[in-house]
Amino acid sequence: MADSKTWIDVADTAVKIGLGALIGGLTGVWLARINNRHSTTTSDKENKRRILEEILELTDSFSQSVTTFWANRINAAWKIKKGEKLKKEEKEELSTQEKKLFNGFTIINTCRSKLLLIGAKEAEKKLSEYRKPIDEFFKISAIDNKDCTYEKLLPFKENISKSRRAFYESLNSEYEK
């Protein structure tokens with residue numbers, strides 16, 4: 001016949017091993033969930049930063065198009081004000097820059113959508129505000145627009161620069177979150 005003390009020792013040891021395994025398993029699952037949450041949060045932040053950097057590159061490229069077109073358009077207006085005629089090459093270059101700027105508006109719309117996608121509502125609002133003076137500039141700056149004068153073009157540079165700065169500050173705030 002089996003010794004009862006031995007049977008109790010075996011049962012006690014089995015319960016201790018079972019409880020140890022259960023506690024170890026639950027601790028492992030809990031740590032895995034914490035690590036997964038941290039990893040997901042880190043991954044989400046990295047994705048958001050990547051998207052913000054992409055938006056920055058796209059809007060910066062657009063800004064360069066705006067600045068280049070503005071500079072050449074105001075130069076042309078200055079020449080016309082002095083009574084000079086634009087050369088064919090100058091008109092062609094302005095036309096090319098005008099088309100590039102026009103195509104850039106699509107990029108800005110895409111950037112606005114991406115900002116909304118990642119929840120950057122304030123940055124999207126600032127990008128929309130950045131676009132407003134550019135829209136106004138684009139309306140008046142048509143190459144053959146006789147109402148487009150040096151004096152009318154001059155204020156656009158400062159207005160565009162201010163709204164661009166506000167957008168970049170907003171983008172920076174999103175990047176730091």
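As the structure is a prediction and not an experimental result, all values here were calculated from the model.

Asks: Which residues make up the overall build of the protein, and what values do they have?
Replies: Looking only at helices and strands, one finds 4 helices and 0 strands in the protein. Listed N to C, the secondary structure of the protein is α-α-α-α in terms of helices and strands. The C-alpha atoms of the protein give 32 Å as radius of gyration, which overshoots the globular expectation for 177 residues (16 Å, by more than 25%). Seen through its principal axes, the protein has C-alpha atoms that stretch 120 × 25 × 15 Å.

Asks: Quick rundown of helix 2 (residues 88–117)? Include the residues and the values.
Replies: Taking 1.5 Å per residue, 30 residues should reach 44 Å; helix 2 reaches 44 Å between its end C-alpha atoms and fits that length. Buried within helix 2 are the following residues: Leu94, Gln97, Glu98, Leu101, Gly104, Phe105, Ile108, Cys111 and Leu115. Note on helix 2: the residue one or two positions beyond its end, glycine 119, has a positive phi of about 85 degrees.

Asks: Explain the side chain of serine 163 residue by residue, including any values.
Replies: On the secondary structure map, serine 163 appears in helix 4 (residues 150–176). Residue classification places serine 163 among the buried residues on the basis of a relative accessible area of 12%. One polar contact links the side chain of serine 163 to the main-chain carbonyl oxygen of asparagine 159, over a distance of 3.1 Å.

Asks: Hey, could you go over the packing of helix 3 (residues 121–140) against helix 4 for me, with residue numbers and the actual values?
Replies: At a minimum axis distance of 8 Å, the contact between helix 3 and helix 4 shows a crossing angle of 165 degrees. Comparing their axes, helix 4 and helix 3 come out roughly antiparallel. Here helix 3 and helix 4 pass one another in a crossing that is left-handed. Here helix 3 contributes Glu122, Ala123, Lys126, Leu127, Glu129, Tyr130, Pro133, Ile134, Glu136, Phe137 and Ile140 to the contact with helix 4, which in turn contributes Lys152, Leu153, Phe156, Asn159, Ile160, Ser163, Arg164, Ala166, Phe167, Ser170, Leu171 and Glu174. Residue composition of the contact of helix 3 with helix 4, grouped by class: 13 nonpolar, 3 polar and 7 charged.

What counts, and at which threshold
Residues numbered from 1 in each chain as written. Predicted model: local features only at pLDDT ≥ 70, side-chain atom pairs only at ≥ 80, totals over all residues. Heavy atoms only, no water. Helix = DSSP H or I, 4+ residues; strand = E, 2+ residues; numbered from the N terminus. Rg over C-alpha atoms; globule rule 2.2 N^0.38 Å. Expected span 1.5 Å × (residues − 1). Buried < 20%, exposed > 50% of the residue type's maximum accessible area, 1.4 Å probe, protein only. Polar contact = N/O pair within 3.5 Å; in protein donor to acceptor, adjacent residues only side chain to side chain. Axes fitted to C-alpha atoms, helices over the stretch in contact; angles between N-to-C directions. Parallel < 35°, antiparallel > 145°, perpendicular 65-115°, else oblique. Left-handed = near helix turned anticlockwise from the far one by under 90°. Contact = heavy atoms within 4.5 Å. Nonpolar A, V, L, I, M, F, W, Y, C, P; charged D, E, K, R; others polar.

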